[in-house]
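Structural overview for review
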Protein chains: 2
Amino acid sequence: MSEITLDPETWSCPAPVRERPRIVMGHGGGGALSAELVRDIFAPAYGGEALAGMGDAAALTLGGVRLAFSTDTFVVRPLFFPGGSIGDLAVNGTVNDLAMTGARAAYLSCGFVLEEGVELEVVDRVAKALGAAARAAGVEVATGDTKVVEAGHGDGIFINTAGIGLIPAGVDLRPQRVVPGDVVIVSGGIGVHGVAIMSVREGLEFGVELESDCAALGSLVEAMLAVTPDLHVLRDPTRGGLAAALNEIAAASGTGVVLRERDLPVPPAVANACAILGLDPMYVANEGKLVAFVPRESADAVLAAMRAHPLGAGAAIIGEAVEEHPGMVVARTPLGGTRVVDLPIGEQLPRIC
Amino acid sequence: MSEITLDPETWSCPAPVRERPRIVMGHGGGGALSAELVRDIFAPAYGGEALAGMGDAAALTLGGVRLAFSTDTFVVRPLFFPGGSIGDLAVNGTVNDLAMTGARAAYLSCGFVLEEGVELEVVDRVAKALGAAARAAGVEVATGDTKVVEAGHGDGIFINTAGIGLIPAGVDLRPQRVVPGDVVIVSGGIGVHGVAIMSVREGLEFGVELESDCAALGSLVEAMLAVTPDLHVLRDPTRGGLAAALNEIAAASGTGVVLRERDLPVPPAVANACAILGLDPMYVANEGKLVAFVPRESADAVLAAMRAHPLGAGAAIIGEAVEEHPGMVVARTPLGGTRVVDLPIGEQLPRIC
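The rules behind these values
Residues numbered from 1 in each chain as written. Chains lettered and ligands numbered in written order. Predicted model: local features only at pLDDT ≥ 70, side-chain atom pairs only at ≥ 80, totals over all residues. Heavy atoms only, no water. Helix = DSSP H or I, 4+ residues; strand = E, 2+ residues; numbered from the N terminus. Rg over C-alpha atoms; globule rule 2.2 N^0.38 Å. Buried < 20%, exposed > 50% of the residue type's maximum accessible area, 1.4 Å probe, protein only. Contact = heavy atoms within 4.5 Å. Areas by Shrake-Rupley, 256 points an atom, 1.4 Å probe, with all protein chains shown as cover. Lys, Arg positive; Asp, Glu negative; His and termini not counted. Charge placed at Lys NZ, Arg CZ, Asp CG, Glu CD. Buried area = accessible area lost by both parts, 1.4 Å probe. Salt bridge = Lys/Arg side-chain N within 4 Å of Asp/Glu carboxyl O. Polar contact = N/O pair within 3.5 Å; in protein donor to acceptor, adjacent residues only side chain to side chain. Nonpolar A, V, L, I, M, F, W, Y, C, P; charged D, E, K, R; others polar. Disulfide = S-S within 2.5 Å.

An unreviewed UniProt entry lists chain A under the name Hydrogenase expression/formation protein HypE, from Streptomyces adustus.

Comments concerning the overall build of chain A
Each helix and strand counted, chain A has nine helices and 14 strands in total. Taking 353 residues into account, the globule formula puts the C-alpha radius of gyration at 20 Å, and chain A, at 22 Å, falls close to it. For chain A, the spread of C-alpha atoms along the three principal axes comes to 75 × 55 × 50 Å. With 353 residues in all, chain A has 60% of them scored as buried. Residue pairs in contact within chain A that sit at least 24 positions apart in sequence constitute 83% of those at least 6 positions apart. Accessible surface, chain A: about 13,700 Å² in total, of which carbon and sulfur atoms supply 54%. When the 24 basic and 42 acidic side-chain charges of chain A are each reduced to a single mean position, those positions are 3 Å apart.

Overview of the interface of chain A and chain B
Chain A puts 81 residues into the contact, and the matching count from chain B is 81 residues. Summing both partners gives a buried area of about 6,900 Å² for chain A against chain B, and 66% of it is carried by carbon and sulfur. Taken together, the connections running from chain A to chain B amount to 12 salt bridges. One salt bridge connects lysine 147 of chain A with aspartate 72 of chain B, and the closest N-O pair in it is separated by 3.4 Å. Where chain A meets chain B, there are 30 residue pairs in polar contact (both at pLDDT 80 or more). Among the secondary structure elements, those contributing two or more residues to the side of chain A that touches chain B are helix 1 (32-46), helix 2 (49-52), strand 1 (58-62), strand 2 (65-74), strand 5 (104-115), helix 4 (120-137), strand 6 (140-149) and strand 7 (157-166) of chain A. Of the residues that constitute the side of chain A that touches chain B, the class distribution is 40 nonpolar, 21 polar and 20 charged.

Looking at the state of the cysteines
The term disulfide refers to a covalent linkage connecting the sulfur atoms of a pair of cysteines. Residue and element names in this part refer to chain A. Counted according to the given criterion, the structure contains zero disulfides over all chains. Left without a disulfide partner, cysteine 353 is nearest to the cysteine sulfur of cysteine 214, which lies 10 Å away. For cysteine 353, a relative accessible area of 6% translates into the label buried.

This is the structure we're talking about:
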């Protein structure tokens, strides 16, 4: 037994030694811990009006022109995975963030952090993948930077991209425009990117043959806006999956969201992998899907336009915005029950993008 | 003695086993190795017209508006140093790249890569420094992203910023506009940032009390452009120092550059530290200085405007552009000789920004 020494000044116990709070993996997961970091540290330090929008990209006016501006850093492991690579993600991730404002990406910046000792051939393969993805998305890499850190102080290759693009006139996509009655549409099968990454991670091979859905969504968004510029909000459900995207929209819009679970498009390979691993596909990351809140009167036409596009062939109506339970997402189960779909705390699997 | 076995097909020696080429620290140094990486890997993979400009920032036209767009990743060690921190650098580095096109920075993106285990208090201090630097520079952080990597796969905090700003009408700053006769002006004492970092690095303390010159140069550039919009080129001599900046301009402009060594403003503390360490101040990084190529007829007025500005109080004319030795930088020594000022291979001290 250890003896407790009372402080002779106060005759009380000394304050317990507390561990200083530290960064944990979940802070990078796109869930509640990430939101906490933004709310408690980043927003008070330098948050302005644009950052407060808290969307995937900022919508700005500069020189009288409406611009979207966004950034993402990519730390995915492994660098190459079925259906893509960190180079593809670095382009498509930022292009998609811009697309969620309705903007077609025009220019990207590209910042590499390379770890000493990485083979030049690997850098070359990543750069070529990045170039091919940029050409496919119709975006130009306009400016770049390269830093090198000592072996053991990085992890092969990290890539940051930032992007800018023009927001078309009449387009105003943000959660605040969501109203009860809006129809929720997802552009295709969910959870594919996350499961593809898991399938190649050390210790997590489970025989599932699945390629990442990593793709640039700019042309799909254009096809949707051609039906009506009056879409209410778009979001690409990456880290934290569909659950995180819908919770963010519900919280920012102040409406409730009801999903019908049986209408969720979950590819069989994703369903199997999630069953084996005990995961919920709604929380698994996507890199080539979007979720849209669309006015009821346009929903059928928008859905048809999505299904006519190669990246929206699997589009489905999965639910709606409601007046009840504002800020909360609930799912109706196939058996007629309901369950709350919470914001995830962190990410189920770190470093998937 | 080892025996050599000839290949029975050709009766010649087998090809030697070569080590695969790998990334070395110098690839991040802003010198010849960095240029090689861009020329051999990045430019062929995704280099377009804007990237080919090879300036600190790209000058673009988007929606009829002339924009500057730039990015930099910051991996400096230590995170806090005399006169600044990684947060200050992350703002000022990108703001200055934009300023070198004549643009006043309007918006920044900010991407953090945090290492698991970093204390939240350290993240908070860095974020606050970043916010204060942004307010001082008059730029808004509009969009951000945070990733976390496992302990041992990062190094505390890396920050990428990208920035956009408007380029004023009539301003066209690029090396191709340099002509023989242009006067070369530097805005103040050189080598201060690099020496300040060295002074706190483990094993390199040598008792020099010097604060980094880290500062945002937007208002200095505005004061210079108020004299004449017809400046020819500006460059902030960061990694690789003044030598790298002048070599890049000489190479891109196809003119020669002659410096007068005795006119170079080198603060005594920098001169002493460089003498001890065997460094040349011309190769040491700056984070709050610029070098300008100015038409001869405007040089005195521009110099006066610079000296009237707090960030240009130590401005000096240090040389000129010449027809001789195109693409080459030479220095006239105090004893009347000349020496070639080469492009550095890498950086003398890694991770200074």
